[in-house]
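Below, each chain spelled out in residue letters.
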Amino acid sequence: MSGIQRFSSRRQRLDKEFLAKRLEGAVSYRRIAGYFRSSIFELVGEEIGDIPDVRIVCNSELDIADIRVSQAAREAALKETWNEVSPATEALLYRDKYRKLYELLRKGNVQVRVVPKDRVFLHGKAGVIERADGSKTSFMGSINESKSAFADNYEILWEDPSPEAVAWVDEEFEALWADSYPLPDAIIEEVERVAKRHEVRFEELKPEDVPGAAMVESPLYRAGEMLQPWQRAFVSIFLQHRETYGKVRLLLADEVGVGKTLSMAGSALVASLLGDGKVLILCPSTLTFQWQTELKDRLGIPSAVWLSNRKCWQDEHGHIIKNTQGAAAIKRCPSAIAIVSQGLIFHKADECDELLSLYYGTVVLDEGHKARVSRGISKKEYKPNNLLTFMTRLAKRTKHMVIGTATPIQTEVAELWDLLNLLNEGAGFVMGREFTSKWRNCDDALPIVKGAITFSNPADVWELLKTPLPPSTEKDERLKSLRMTLDLADAHHFSDLNFHDLDFASQMTLEDIASDKDFFKNNNPILRHTVLRRRDVLEDMGLLERVEVDVHPDPKAPLGSYPGLTLDGIGLMTNHPFNMAYQAAEEFTALLSQRTKAAGFMKNLLLQRICSSFAAGRSTAQMMLDKRTIEDEEELEGLENALDSLTDKEADCLRQIVAELGRQEARDPKLSAVNYFLVEHRTGPAPENKTWAEHGCIIFSQYFDTAKWVASEIARTHPDQVVAVYAGAGKSGLFRGEEFSTIEREYIKGAVKRHEIKIVVATDAACEGLNLQTLGTLINVDLPWNPSKLEQRLGRIKRFGQARRTVDMLNLVYADTRDEKVYSVLSSRLKDKFDIFGSLPDTLDDEWIEDQELMDEELDKYIERRQAAKNAFEIRYQTRESVDPGKERWELCSKVLARTELLERLNEGW
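Residues numbered from 1 in each chain as written. Predicted model: local features only at pLDDT ≥ 70, side-chain atom pairs only at ≥ 80, totals over all residues. Heavy atoms only, no water.

### Some remarks on the sheet that holds strand 21 (residues 548-552)
Across the sheet, which stays open at both edges, the eight strands sit in the order 21-32-31-26-30-27-28-29 with mixed pairing between neighbours. Looking along the sheet, the strands with just one partner apiece sit at the ends: strand 21 and strand 29 (739-742). On average, each strand axis in the sheet is inclined to that of its neighbour by 20°, with strand direction left out of account. In this sheet, strand 29 lies alongside strand 28 (residues 733-736) in antiparallel orientation, the contact comprising four bridges. Counterpart to Phe735 in the pairing with strand 29 is Phe740. Lying on the sheet, helix 32 (residues 745-753) is in contact with strand 27 (722-726), strand 28 and strand 30 (759-763); it crosses strand 27 at an angle near 135°. (Pairing = 2+ DSSP bridges. Helix = DSSP H or I, 4+ residues; strand = E, 2+ residues; numbered from the N terminus. Axes fitted to C-alpha atoms, helices over the stretch in contact; angles between N-to-C directions. Contact = heavy atoms within 4.5 Å.)

Below, the structure written as structure tokens:
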């Protein structure tokens with residue numbers, strides 16, 4: 001063969017007349033193939049199946065930032081592209097080709113590599129074929145590497161066997177090959193999975209097979225992501241307890257940002273599919289729609305939210321289910337999974353009795369630390385709040401109960417025992433029988449759990465073990481042996497036998513246990529029913545990337561480090577209008593305190609909003625004057641009554657706030673600070689020394705007023721920037737210049753992931769489930785008086801897939817305000833660059849905020865208690881064995897639950 005030859009699919013079948021003939025007897029095939037997609041392999045097993053060396057380089061949706069992150073992030077990005085086709089269709093139509101492809105990829109005959117999209121976009125297609133006799137030919141044209149391209153499409157192709165042409169194509173190929181990345185194992189595993197894929201019905205599955213079969217083709221997994229190993233481990237623990245005890249009682253106390261919601265949601269999904277009954281999720285009102293969004297967007301499952309103000313249900317598509325029954329309609333949820341605000345329970349709404357008239361399969365209590373006891377100064381009073389009282393009654397009416405909480409060692413360790421004793425209601429296997437179990441009282445049990453008290457007398461050991469009896473599934477072989485000699489099944493959780501009534505073998509086992517000083521540190525009911533994973537432990541295991549945080553403004557930074565800020569210590573200098581407005585706000589709350597108990601709440605509300613931004617302070621004062629509903633607030637009961645009867649002096653204070661903050665000279669220094677950091681302040685080592693806008697920035701506020709104002713001002717000042725507002729339902733959108741368009745939140749998340757949007761302004765209400773690891777900096781326009789919320793914000797960027805090894809966080813407060821006083825106490829206790837909130841409680845009491853010295857003292861006490869107790873509660877989850885990434889690999893599951901059957905079950909109403 002010599003000279004250039006031209007081919008057109010209009011004149012001949014290119015697959016037969018060109019490709020089949022040229023590849024016959026070939027020993028090497030190098031191909032620049034264009035776009036990466038699964039159909040690239042339609043030819044496998046036919047023309048290229050017998051060629052010893054096939055190398056294909058193609059495009060991908062990979063951004064160079066994704067490439068830099070980690071192999072896992074690259075795998076996720078490529079798998080998302082791969083999964084754009086339906087696995088059900090692929091398995092049905094191309095099963096044999098997928099099987100052949102998998103064999104070739106595993107053998108190494110075929111290698112595929114991808115080029116990041118911003119390195120170069122592969123539009124040209126070319127190839128080199130080498131035969132056994134050493135001769136070569138090259139070709140190029142419009143043709144992609146797919147069966148349809150060669151057989152069906154109109155394509156043109158030029159072949160040139162000259163050495164110069166072959167060398168030229170080879171040089172292009174090798175340059176691209178050197179700049180590309182291998183097809184990851186995740187894609188190869190997905191090829192195998194699709195080759196083996198088959199749909200199954202529920203009756204064909206064991207309980208432990210349900211999570212994989214239900215989730216492997218959920219939106220989360222189709223997007224190339226998955227439940228993390230510790231989340232999968234929790235679902236497995238849930239199933240183990242379900243089998244062992246017949247019902248589940250678990251306290252999930254993972255650190256903020258580790259992903260409790262998906263752990264609990266996955267467990268609730270599995271329980272519902274297994275036919276255990278209704279699912280009720282109780283969470284703060286600000287989280288109801290976040291839960292619904294997480295279930296729909298991540299797991300692809302339906303749910304309904306109860307709208308307490310309208311007394312009706314809203315499904316996951318936003319449809320309102322009309323109701324004429326009032327509060328009683330809460331018993332008729334249109335889905336298997338119901339989401340209800342805890343506010344109903346705090347306020348003892350009519351719906352509470354309706355909910356307590358039903359029986360449930362699974363109850364999930366999110367933010368469980370809100371179910372609390374008021375113990376009083378003497379600590380002898382025991383006054384459970386409305387939520388804890390309600391949950392105690394509800395626990396007796398549910399099969400499974402999961403409580404999600406902030407790290408449970410709060411200001412009082414006894415709060416952990418309150419939650420565990422709640423779990424014990426209707427399930428004595430958790431903490432044992434009342435009056436006879438030594439585990440139920442915190443003061444008695446805590447020293448045992450910590451190892452401060454040990455027992456050398458086997459009779460004393462037996463008193464601790466007999467109620468509740470540990471199950472035989474515990475790892476300690478002595479516990480299995482004890483149950484065997486006592487001839488007790490796992491369904492028996494107590495024994496009435498005294499030590500002297502036990503047989504000799506049991507007594508000897510207890511003698512052995514008594515000689516083990518660490519036995520009860522490793523084996524106790526608290527560890528058995530509390531799951532607690534800390535971020536630093538997961539980092540040490542290699543399951544999470546260690547990401548440092550640089551906090552700004554750094555009080556130790558040299559003078560002039562922040563030329564765009566006017567600082568007084570760590571606070572921004574304010575102006576006369578703000579100072580007058582702040583003074584008026586304090587006067588207003590002082591007047592209010594003389595006539596209503598709501599003054600304390602009102603003071604916090606008004607001062608926090610003025611400390612958020614001038615815009616939020618002004619709008620809040622105006623809403624109070626107009627007696628309008630104040631957005632972003634949960635606890636408004638009593639507040640509206642106070643505003644209905646404002647005195648003239650109180651109203652004058654509010655008018656002064658509106659007037660002062662509306663003056664032309666009332667320029668907010670926070671806006672100047674935000675703009676300075678976005679476009680002037682550079683951070684990061686060369687060559688990554690960029691402005692914050694170039695790194696990508698998430699800007700947080702507690703309040704929508706502040707968020708929208710900040711976004712609009714940034715967009716007005718920088719008309720070339722697209723600025724996203726990520727807020728509650730119907731409030732999200734995009735600014736460009738002075739134009740605003742309402743946009744769905746999912747579009748914003750996708751655009752940020754694709755690096756199309758670099759600046760996002762978000763509210764705390766929209767924070768949960770927002771993954772913005774493509775952004776490398778964070779600005780807190782305001783600071784919630786709650787460290788866990790700050791940590792949740794930071795968790796939006798300090799997470800799996802973050803490209804930067806050090807992220808930056810800017811905290812903005814006004815000088816000489818309550819915000820600055822709170823932040824100065826907190827900032828002095830920020831732990832270290834990797835775990836900056838590690839030594840802070842998750843919540844601050846209002847009393848502490850009022851008194852800076854008291855806050856100092858209480859935080860010191862908290863840190864001492866935390867250090868003294870923390871190892872006791874984490875010991876079971878310190879080893880890699882507790883979170884094995886090689887277990888529960890549901891992404892490999894080839895048995896898939898038919899989507900229609902799954903939705904049919906989950907759409908069954910109450």
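### Some details on the pairing of strand 3 (residues 53-59)
Across the seven residues of strand 3, six count as buried, placing the element largely inside the fold. In the sheet, strand 2 (residues 26-32) pairs with strand 3 via five bridges, with the strands oriented parallel. By the bridge assignment, Arg30 is partnered in strand 3 with Arg55. Strand direction decides the pairing type here: strand 3 and strand 4 (residues 110-115), joined by six bridges, are parallel. Its bridge partner lying in strand 4, Cys58 is registered against Val114. (Buried < 20%, exposed > 50% of the residue type's maximum accessible area, 1.4 Å probe, protein only.)

### Here we look at helix 10 (residues 229-245)
Here helix 10 is 17 residues long and its end C-alpha atoms lie 24 Å apart, about the 24 Å a rise of 1.5 Å per residue gives. For helix 10, the tally of buried residues reaches 15 of 17 residues, placing the bulk of the element in the interior. Positive backbone phi, approximately 85°, marks Gly246, located one or two places after helix 10. (Expected span 1.5 Å × (residues − 1).)

### A look at the packing of helix 11 (residues 260-273) against helix 12 (residues 288-299)
Direction vectors running N to C along helix 11 and helix 12 enclose 75°, while the axes themselves pass 11 Å from each other. For the element pair helix 11 / helix 12, the angle class is roughly perpendicular. Facing helix 11, whose interface residues are Thr261, Leu262, Met264, Ala265, Gly266 and Leu269, helix 12 presents Trp291, Glu294, Leu295, Arg298 and Leu299. Grouping the amino acids of the contact of helix 11 with helix 12 by side-chain chemistry returns seven nonpolar, two polar and two charged. (Parallel < 35°, antiparallel > 145°, perpendicular 65-115°, else oblique. Nonpolar A, V, L, I, M, F, W, Y, C, P; charged D, E, K, R; others polar.)

### Some thoughts on the environment of Arg745
With respect to the helices and strands, the residue Arg745 is situated in helix 32. Between the alpha carbons of Arg745 and Ser732 there is a distance of 6.1 Å; along the sequence they are 13 residues apart. Looking at Arg745, its side chain comes within polar contact range of the main-chain oxygen of Ala727, at 3.2 Å. (Polar contact = N/O pair within 3.5 Å; in protein donor to acceptor, adjacent residues only side chain to side chain.)

### A word on the pattern of salt bridges
Pairing is possible between side chains of opposite charge, provided their charged atoms come close. Using the criterion set out here, one finds 39 salt bridges in the structure. Glu189 is the salt-bridge partner of Arg889, the closest N and O atoms lying 2.9 Å from each other. Of this pair, Arg889 sits in the loop between helix 36 (852-874) and strand 33 (895-897) while Glu189 sits in helix 7 (residues 185-196), placing them 700 residues apart in sequence. Taking relative accessible area as the criterion, Arg889 reaches 31% and is therefore assigned partly exposed. Classification of Glu189 as buried rests on a relative accessible area of 16%. Residues Arg483 and Asp490 are paired through a salt bridge, measuring 3.5 Å at the closest nitrogen-oxygen approach. When its relative accessible area of 4% is taken as the criterion, Arg483 is described as buried. By sharing partners, the salt bridges in this structure join Glu190, Arg193, Arg197, Glu199, Glu217 and Arg222 into a single network. (Salt bridge = Lys/Arg side-chain N within 4 Å of Asp/Glu carboxyl O.)

### Details of the pairing of strand 30
Within strand 30, five of the five residues are buried, which leaves it mostly tucked inside the rest of the structure. Residues of strand 30 alternate between two faces, with Ile759, Val761 and Thr763 on one and Val760 and Ala762 on the opposite face, all of them buried. Examined bridge by bridge, strand 27 and strand 30 share four bridges and lie parallel to one another. Opposite Val723, over in strand 30, you have Ile759 as the bridge partner.

### Considering a nonpolar patch on the surface
A cluster of nonpolar residues, Ile4, Met140, Trp158 and Trp168, forms a patch on the protein surface that exposes about 430 Å² of accessible area. Along the chain, the position of Trp168 falls in helix 6 (residues 163-178). (Patch = residues over 30% accessible without salt bridge, like charges linked within 9 Å, V, L, I, M, F, W, Y side chains within 5 Å. Areas by Shrake-Rupley, 256 points an atom, 1.4 Å probe, with all protein chains shown as cover.)

### Details of helix 20 (residues 504-514)
Within helix 20, the full set of buried residues consists of Ser506, Gln507, Thr509, Leu510, Ile513 and Ala514. End-on view of helix 20: buried residues confined to an arc of 160°, all on one side of the axis. Looking at the buried positions of helix 20, the neighbouring elements they touch are helix 18 (458-465), helix 19 (477-486) and helix 21 (519-522). Where helix 20 starts, the residue carrying a side-chain oxygen 3.2 Å from the main-chain nitrogen of Ala505 turns out to be Asp503. (Arc of directions from axis to C-beta.)

### Some words on the side chain of Lys260
Tracing the chain through its elements places Lys260 in helix 11. Of the side chains with opposite charge, Asp366 comes closest to the buried, unpaired Lys260, at an N-O distance of 6.4 Å. Apart from residues lying up to four places away in sequence, Lys260 is in contact with Leu252, Asp254, Glu255 and Thr405. (Lys, Arg positive; Asp, Glu negative; His and termini not counted.)

### Section: unusual backbone geometry
At the junction of Thr467 and Pro468, the peptide bond is cis and its omega measures out at 0° in the coordinates. With respect to the helices and strands, Pro468 occurs in the loop between helix 18 and helix 19. Omega for the peptide link from His552 to Pro553 comes to -10°, which places this bond in the cis form. Its place among the elements puts Pro553 in the loop between strand 21 and strand 22 (567-568). The backbone of Asp487 sits at a positive phi, close to 55°, despite the residue not being glycine. Among the structural elements, Asp487 can be located in the loop between helix 19 and helix 20.

### Remarks on the confidence of the model for the chain
Overall, the prediction assigns the chain a mean pLDDT of 84, with 84% of residues at 70 or greater. When pLDDT is averaged over each element of the chain, strand 16 (residues 360-365) comes out on top at 98 and helix 2 (residues 64-69) at the bottom at 48. Considering only residues more than four positions removed or in separate chains, one finds that residues 634-638, a stretch of pLDDT under 50, has 11 contacts. (pLDDT = per-residue confidence, 0-100.)

### So, the nonpolar core
A general tendency of soluble globular proteins is for nonpolar side chains to be buried together. Membership of the largest hydrophobic core comes to 69 residues, with the highest contact counts inside it found for Leu282, Met391, Trp417 and Leu465. Apart from residues lying up to four places away in sequence, Leu465 is in contact with Pro470, Leu479, Leu482, Leu510, Ile513, Phe519 and Phe520. Judged by nonpolar contacts, the second largest core, of 47 residues, contains Val210, Ala213, Val235 and Val531. (Core = buried A, V, L, I, M, F, W, Y, C linked by side-chain atoms within 4.5 Å.)

### Concerning the sheet that holds strand 4
With mixed pairing, the eight strands of this open sheet are ordered in space as 1-7-6-5-2-3-4-8. The sheet is open, and its two edges are formed by strand 1 (5-8) and strand 8 (181-182), each paired on a single side. Here strand 2 pairs with strand 5 (residues 125-131) via six bridges, running antiparallel. Of the residues in strand 5, the one forming a bridge with Arg31 is Gly127. Strands in contact with helix 6 are strand 2, strand 3, strand 4, strand 5, strand 6 (136-141) and strand 7 (156-160); relative to strand 6, the strand with the most contacts, it is inclined by about 70°.

### Section: the packing of aromatic side chains
Across all of its chains, the model carries 18 aromatic pairs by this definition. Plain terms: the ring middles of Phe735 and Phe740 are 4.6 Å apart, the flat faces sit at 50° to each other, and that makes the pair tilted. By relative accessible area, which is 7% here, Phe735 ends up buried. Given the relative accessible area of 27%, Phe740 is considered partly exposed. Counting every residue linked through ring pairs, the aromatic cluster contains Trp306, Trp313, Tyr360 and Trp910. Over the aromatic face of Trp158 sits the side chain of Arg6, whose NZ or CZ is 4.8 Å from the ring centroid. (Phe/Tyr/Trp six-rings, centres within 6.5 Å; stacked < 30°, edge-to-face > 60°. Lys NZ or Arg CZ within 6 Å of the ring centre and 35° of its normal.)

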